[in-house]
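# Survey of secondary and tertiary structure
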Amino acid sequence: MKPSFLPLSTLCAFSLCLLAACGGSSSSPARNAGPPAEPVALCDGEAIAPERLFLQQLGSDRVIIKWRNAPLDVAQSGDVVCFGVDHNALPASSQTVAVVTETRHREALITGLKPDTKYYYSVGGAASTDPRFSFRTAPLTGAVPADGNTRIWIVGDPGTSSSPLLDRGDNAGGQRAVRDGFNAWVAANGGEAADLFLMLGDNAYLDGTDAQFQTAVFDLYTDTLATTGMWSTIGNHEMGSGGLSTAASVDLYSPATGIADTVPDSPMPYLNIHSFPTQGENGGVPSGTEQYYSFDYGNVHVISLDSQVSTRDAANMAAMREWVTADLQANVADWTIVIFHHPPYTKGSHDSDSTAGGVDQPIFDMREQFNPVFEAYGVDLVYGGHSHSYERSFYLSGHTGLSTTFDPEEHAELNSANQPATGQGDEAYRQITNSGADDKVVYTVAGNSGQATGMSDPEGHPAFFYSTGDILGSVVVDAGKNTLVARFIDDSGEVRDHFIMQR
Ligand SMILES: [Fe+2]
Ligand SMILES: [Fe+2]
């Protein structure tokens, strides 16, 4: 294909355009008197339609565009992307060559982007692209996005589409229905797209094989993944073994269904598929591992912990605890959110009073070893899944025992009637609590984004304000400058629970 050209003047809006080349304001006499503008070369590749396409490490100045084409064993052409702010004029200077990984994923790292700016991209490197291939960079760290709000969409245990045995009965098409319910709510409430897409693990049943990720993640959230940075945490089903692995190393990944990936990358598909930050690429203290990490997005700091693998070895768990403590000590974000798979409190399909023969030992480890750290260093929200329920706590601190030891007066923020405050209306939570410190956390189980499998105790956990094991849904968090609202949205787009937090 022949290169195409546009006059330089049409490209002056393009953010990568050097000021010197574009001149000053359009009324500048020097510019009017200058030589005729030289054309800027546009990209001349051919767009390709990958089988999977997603964005990693999307920050204020960087993104990794990652994709893969079928079939795996055929060498691919067009391992480049082009990008720009005008979807019809992607300049040749933006062309970026992708790295090809052992599992034939393509990773194109783009740096030097402008904050809070919309960019369009073409996989394959064409001069123009469909506007749906676009993303908005994060605002500068600490700043609120131009629309006043960081919107975060959270799905837990979503991956039932890849396991027909789970996507059954009342839950037939459950994962798709939850996705469509969220989109319907967005469309009916102003249309603001999500800035972050967080996945709480058990993303691809039954074993988190590469093929199961294709069905349950890439084929399901295709539109979201093309436009929104995606982040995740490791669930038990990401480690294979039908979800029953108690292995302390990702090298022991072993699927009961499907096939493992091959070394020299990792046998664990989750790690091969994702490109999470290990060196603080998106802010936060470097963790040195993709198994747990943190990042900043404008006014929000997000921490993803590994409750499935790293907790199974005392030294690894201590290292993760030391890292998250250091990360929180350095954190100054307006809002801090922690995600990990095994919820510290639940009476859903798992019971936080039982280790289930060791398989659910991480529930106890996270509650006893990590909750005190969250409460000591200003974490606001904790999200987990594992139980296929939605359960949302009061505003808690200091509760590390069994559910029978929960004492509202000791462990929950109280309202004027000495009852646990609801987080709603005039009982909205404040970061600085009645104690005078930023010492309380709202814990939410949101593992019902693909199936809803009932409660182990119909009464629910006493530390929770709202519990359901029968309703499918997902969570959306809106983090503004001074107010955060978290909503549970069911599969028909109705809000079933919410709470408000004030700074
Ligand atoms: Fe699950
Ligand atoms: Fe799970």
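Residues numbered from 1 in each chain as written. Chains lettered and ligands numbered in written order. Predicted model: local features only at pLDDT ≥ 70, side-chain atom pairs only at ≥ 80, totals over all residues. Heavy atoms only, no water.

## Here we look at helix H3 (residues 174-188)
Operational definition: Secondary structure follows DSSP: runs of H or I at least 4 residues long count as helices, runs of E at least 2 residues long count as strands, and numbering of each begins at the N terminus. Expected span of a helix: the number of residues minus one, times 1.5 Å. Here, residues are in contact when the closest pair of their heavy atoms is within 4.5 Å.
In a regular helix each residue adds 1.5 Å, so 15 residues correspond to 21 Å; H3 covers 21 Å between its end C-alpha atoms and thus fits that length. Packed against the buried residues of H3 are strand S11 (150-155), helix H4 (210-218), strand S22 (473-479), strand S23 (483-490) and strand S24 (495-502). Backbone geometry just after H3 places Gly 190 at a positive phi near 100°.

## With respect to unusual backbone geometry
Leaving glycine out, the prevailing phi sign among residues is negative, and the prevailing peptide bond configuration is trans. Here is the rule we go by: Classification of residues uses two cut-offs on accessible area relative to the type maximum, computed with a 1.4 Å probe and protein chains only: under 20% is buried, over 50% is exposed, and between them is partly exposed.
Along the chain, Tyr 205 connects to Leu 206 via a cis peptide bond; the corresponding omega equals 5°. Along the chain, the position of Leu 206 falls in the loop between strand S12 (196-199) and H4. In this structure, Asp 157 is a non-glycine residue whose phi angle is positive, near 50°. Position of Asp 157 relative to the elements: it lies in the loop between S11 and H3. Classification of Asp 157 as buried rests on a relative accessible area of 0%. Located in the positive-phi region is Ala 356, a residue other than glycine, with phi close to 50°. With respect to the helices, strands and loops of the structure, Ala 356 is situated in the loop between strand S16 (335-339) and helix H8 (361-376). By relative accessible area, Ala 356 is classed as partly exposed at 40%.

## A short note on the sheet that holds strand S21 (residues 464-468)
Let me state the cut-off plainly: Strands are treated as partners if at least two bridges between them are detected by DSSP. Lines fitted to the C-alpha atoms define the axes, with helices restricted to the stretch that makes contact. Angles between their N-to-C directions range from 0 to 180 degrees.
Reading across the sheet, the seven strands line up as S14-S15-S16-S17-S20-S18-S21 and stay open at both edges, with mixed pairing between neighbours. A strand with exactly one partner marks an edge of an open sheet, and here the two such strands are strand S14 (293-297) and S21. For this sheet, the mean inter-axis angle between neighbouring strands, taken without regard to orientation, is 15°. Relative to S16, strand S15 (residues 300-304) is paired through five bridges, and the arrangement is parallel. Bridge pairing in S16 links Ile 303 to Val 338. Helix-sheet contacts for helix H7 (residues 314-330) involve S14, S15 and S16, and the interaxial angle to S15 is about 180°. Where H8 meets the sheet, it contacts S16, strand S17 (381-384), strand S18 (390-396) and strand S20 (441-446), and its direction lies at approximately 130° from that of S20.

## With respect to the nonpolar core
As a reminder of what qualifies: Grouping buried Ala, Val, Leu, Ile, Met, Phe, Trp, Tyr and Cys residues that are joined through side-chain atoms within 4.5 Å yields what is termed a nonpolar core.
Within the largest apolar cluster, 90 residues are counted, with the highest numbers of intra-cluster contacts made by Leu 198, Leu 305, Phe 374, Leu 381, Tyr 383, Val 477 and Met 501. In contact with Val 477, other than residues within four places in its own chain, are Thr 150, Arg 151, Ile 152, Ile 154, Ile 337, Leu 381, Tyr 383, Leu 484, Val 485 and Ala 486. Leu 58, Trp 67, Val 81 and Phe 83 belong to the second largest nonpolar core, which has 18 residues in total.

## With respect to the environment of Ala 127
Tracing the backbone through its elements, the reader meets Ala 127 in the loop between strand S9 (118-123) and strand S10 (134-136). Note on Ala 127: relative accessible area 15%, which makes it buried. For the pair Ala 127 and Asp 86, spaced 41 residues apart in the sequence, the C-alpha separation amounts to 9.9 Å.

## Description of the confidence of the model for the chain
Selection criterion: Confidence scores here are pLDDT values: one per residue, from the predictor, ranging 0 to 100.
Mean pLDDT for the chain: 91, with 90% of residues reaching 70 or above. Ignoring residues within four places in sequence, the model shows residues 1-31, a span with pLDDT below 50, making 49 contacts including any to other chains.

## Some remarks on the side chain of Asp 380
In plain terms, the rule: Residues scored as charged are limited to Lys and Arg (positive) and Asp and Glu (negative), so that His and the chain ends carry no count. Between Lys or Arg on one side and Asp or Glu on the other, a salt bridge is scored when a side-chain nitrogen of the former is within 4 Å of a carboxyl oxygen of the latter.
Inspection of the secondary structure assignment puts Asp 380 in the loop between H8 and S17. Among buried Asp, Glu, Lys and Arg side chains, Asp 380 stands out as unpaired, with Arg 503 the closest opposite charge at 7.2 Å.

## Focus: the coordination of the iron ion (ligand 1)
The condition that has to hold: In this listing, donors mean N, O and S atoms no farther than 2.8 Å from the metal, or 3.2 Å for Na, K and Ca; water is missing from the atoms, so a site can look incomplete. Tetrahedral means four donors with every angle between 85 and 135 degrees, whereas square planar (four donors) and octahedral (six donors) require angles over 155 degrees between opposite donors and between 65 and 115 for all others; sites fitting neither are termed irregular.
Taken together, Asp 157 (OD), Asp 202 (OD), Tyr 205 (OH) and His 388 (NE2) make up the protein donors of the iron ion (ligand 1), found 2.1 to 2.3 Å from the metal. One can describe the site at the iron ion (ligand 1) as irregular: its four donor atoms subtend angles covering 86 to 174° at the metal. Of note, the iron ion (ligand 1) draws all its donor residues from one chain, in the sequence arrangement D-x44-D-x2-Y-x182-H. Between the iron ion (ligand 1) and the iron ion (ligand 2) the interatomic distance amounts to 3.3 Å, and Asp 202 serves as a bridging ligand to the pair. Taken together, the residues span a long stretch of sequence, with Asp 157 in the loop between S11 and H3 and Tyr 205 in the loop between S12 and H4 at a distance of 48 residues.

## Quick word on H7
Stated precisely, the cut-off is as follows: We define a polar contact as two N or O atoms separated by no more than 3.5 Å, with the added condition that, inside protein, one atom must be a possible hydrogen donor and the other a possible acceptor, whereas residues neighbouring each other in sequence contribute only through side-chain atom pairs.
The end-to-end C-alpha distance of H7, which contains 17 residues, comes to 25 Å, matching closely the 24 Å that a straight helix rising 1.5 Å per residue would cover. Here the buried face of H7 lies against S14, S15, S16 and H8. Of the residues that open H7, the one with a side-chain oxygen 3.0 Å from the backbone nitrogen of Ala 315 is Asp 313.

## Examining empty space enclosed by the protein
What counts here: With a 1 Å grid spanning the protein atoms alone, the term cavity applies to any set of points in which a 1.4 Å probe fits but cannot get out, the term pocket to an open set with protein on both sides within 12 Å along at least five of seven lines, and the term lining residue to any residue with an atom within 4 Å of a point. Grid points are joined across faces, edges and corners, and a volume is the space filled by probe spheres set on the points. All residues other than Ala, Val, Leu, Ile, Met, Phe, Trp, Tyr, Cys, Pro, Asp, Glu, Lys and Arg, Gly among them, are scored as polar; the first ten of these are nonpolar and the last four charged.
Under the definition given, this model contains two cavities of 30 Å³ or more. Lining the largest cavity are Pro 343, Pro 344, Tyr 345, Val 382, Tyr 383, Gly 384, Tyr 443, Thr 444, Val 445 and Phe 464. Contributing elements (two or more residues each) for the lining of the largest cavity: S17 and S20. Size it by volume and the second largest cavity reaches roughly 30 Å³. Pro 277, Gly 280, Gly 283, Val 285, Pro 286, Ser 287, Tyr 293, Ser 294 and Trp 323 together form the lining of the second largest cavity. Residues belonging to the lining of the second largest cavity are distributed by class as follows: five nonpolar, four polar and no charged.

## Quick notes on the packing of aromatic side chains
Put simply, the rule is: Centres within 6.5 Å make a pair out of two Phe, Tyr or Trp rings, where for Trp the six-membered ring is used; the pair is then stacked when the planes are under 30 degrees apart, edge-to-face when over 60, and tilted otherwise. Here, a charge over a ring is recorded when the distance from Lys NZ or Arg CZ to the ring centre is within 6 Å and its angle to the ring normal is within 35 degrees.
Scanning the entire structure with this criterion turns up 22 aromatic pairs. Aromatic ring contacts, followed pair by pair, group Phe 83, Tyr 119, Tyr 121, Phe 133 and Phe 135 into a single cluster. A cation over a ring is seen here: Arg 367 above Phe 364, with NZ or CZ 4.8 Å from the ring centre.

## Quick look at the sheet that holds strand S5 (residues 80-84)
Consider a sheet: its strands pair through backbone hydrogen bonds, and that pairing is either parallel or antiparallel. In spatial order, the strands read S6-S5-S9-S10; together these four strands make up an open sheet with antiparallel pairing. Two strands lie at the open edges of the sheet, namely strand S6 (96-97) and S10, each paired on one side alone. Relative to S10, S9 is paired through three bridges, and the arrangement is antiparallel. Bridge pairing in S10 places Lys 118 opposite Arg 136.

## Overview of the side chain of Asp 261
Position of Asp 261 among the secondary structure elements: in the loop between strand S13 (229-232) and helix H6 (269-273). Of the side chains bearing the opposite charge, Arg 68 lies closest to the buried Asp 261, which forms no salt bridge; the N-O distance is 6.3 Å. Engagement of the side chain of Asp 261 in a polar contact is seen with the side chain of Asn 272, the distance being 3.0 Å. With residues near it in sequence (within four places) discarded, Asp 261 still touches Thr 103, Asp 210, Ser 266, Pro 267, Pro 269 and Asn 272.

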